Amino acid sequence: MQALSASQDAGISLREVSKTFGDGSQNVTALHQATLEVKRGRFASLVGPSGCGKSTLLYILGGFESPSSGVVEALGRSVTGPGIDRGVVFQEYALFPWLTVSQNIAYGLQSKGASKEEVRDTVHRYLQLMHLEGFGARYPRELSGGMRQRVALARTFAYEPDILLLDEPFGALDSQTRELMQDELLRMWQSSGMTVLMVTHDLHEAAYLSDDIYVMSKRPGRIVAHYTSTIDHALEREQIMLSPQFTELHNQVWLSVREQVKASLSEVQA
Ligand SMILES: Nc1ncnc2c1ncn2[C@@H]1O[C@H](COP(=O)(O)OP(=O)(O)OP(=O)(O)O)[C@@H](O)[C@H]1O
Ligand SMILES: [Mg+2]
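Note that this is a predicted model, so its numbers are computed, not measured.

1. Here's the deal with the site of ligand 1
- Close to ligand 1 lie 15 residues, the nearest being Ser-50, Gly-51, Lys-54, Thr-56 and His-201.
- Interatomic distance of 3.2 Å between a backbone N/O atom of Cys-52 and an oxygen atom of ligand 1.
- In the model, an oxygen atom of ligand 1 is placed 2.8 Å from a nitrogen or oxygen of the Lys-54 side chain.
- With the chains in place, 65% of the 640 Å² that ligand 1 exposes on its own is no longer accessible.
- Broken down by secondary-structure element, the contributors of at least two residues to the shell around ligand 1 are strand S2 (28–38) and helix H2 (54–62).
- It is H2 that provides the largest number of residues to the shell around ligand 1, a total of three residues.
- A breakdown of the residues in the shell around ligand 1 according to their chemical character gives five nonpolar, seven polar and three charged.

Structure below.
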């Protein structure tokens, strides 16, 4: 019984994960013994200085990069490659350029074996939700950067993977759309029980959305701090953002990240 409840709890786990890129002559160590655990159903954010290894960590979890050493698990299973259980929204919001907007959104659902009706209805709903009505038959190259990012979000949100891995998913959006997308993500997360790990540079975004916030050190990245939120995410945005819990969480994370950024800048100047 105990083993069963432990595995039901398993969301995302990295233990002492290191990653070195290169052929031996010009190596870059992106991660050094990074350890992080996100329990199933929780929303976690990963923050830290630019170039510290956040995307690398996410791609290792997605199965697109393999670690040089360490243990990587998703839902209690060892990660050996990409899988439909893990949906990834990349920093460059990569879309399939040969598919239309609607076909991109339908892709994951079709791979999951959804019925024609379900695919059609879900695509329609997401075109509306993401303010992309009238663009379903267009190709990614015909869209603006912000629109492409919304298609990438729709494509991944639409099939509700067990684990959602997001790399700065709202970076290309104006602040109004960004807030709408954050609230849509929050709503989806609450209704689906997904486990989320999101990389972001926006500490307000991290404090607004997350149960857990992990701070990474300068490169080679490892986890140097973990903050747990006491915010009730069922509350309205205004109530959350004006609460003392939000301010305190944001300030703690800000100070922690600032320390790491200062350390990485002093290294550059030295
Ligand atoms: N495929 C690769 N080959 C060689 N080096 C790489 C590769 N991918 C990442 N790196 C290096 O690993 C380090 C970490 O990069 P990564 O993209 O993970 O940082 P990041 O924390 O996501 O930065 P940012 O916040 O700017 O997106 C960098 O020094 C980068 O140059
Ligand atoms: Mg990155």
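2. Brief notes about the confidence of the model for the protein
- Across the protein, pLDDT averages 91, with 96% of residues at or above 70.
- Within the protein, the element-level pLDDT minimum falls on helix H1 (residues 2–9), averaging 55, and the maximum on strand S3 (residues 43–47), averaging 98.
- Predicted confidence for residues 1–6 stays below pLDDT 50, and this span has zero contacts to residues more than four positions away or in other chains.

3. Quick word on the sheet that holds strand S5 (residues 77–78)
- Within the open sheet, the four strands sit side by side as S2-S1-S4-S5. Their pairing is antiparallel. Sheet topology places S2 and S5 at the edges, where each strand pairs with a single neighbour.
- Looking at chain direction, strand S1 (residues 12–21) and strand S4 (residues 69–74) are connected through five bridges and run antiparallel. What sits directly across from Ser-18, in S4, is Ser-69.
- Each of S1, S2 and S4 touches H2; the most contacted strand, S1, lies at about 115° to it.

Parameters at a glance
Residues numbered from 1 in each chain as written. Chains lettered and ligands numbered in written order. Predicted model: local features only at pLDDT ≥ 70, side-chain atom pairs only at ≥ 80, totals over all residues. Heavy atoms only, no water. Near = heavy atom within 4 Å. Polar contact = N/O pair within 3.5 Å; in protein donor to acceptor, adjacent residues only side chain to side chain. Areas by Shrake-Rupley, 256 points an atom, 1.4 Å probe, with all protein chains shown as cover. Helix = DSSP H or I, 4+ residues; strand = E, 2+ residues; numbered from the N terminus. Nonpolar A, V, L, I, M, F, W, Y, C, P; charged D, E, K, R; others polar. pLDDT = per-residue confidence, 0-100. Contact = heavy atoms within 4.5 Å. Pairing = 2+ DSSP bridges. Axes fitted to C-alpha atoms, helices over the stretch in contact; angles between N-to-C directions.

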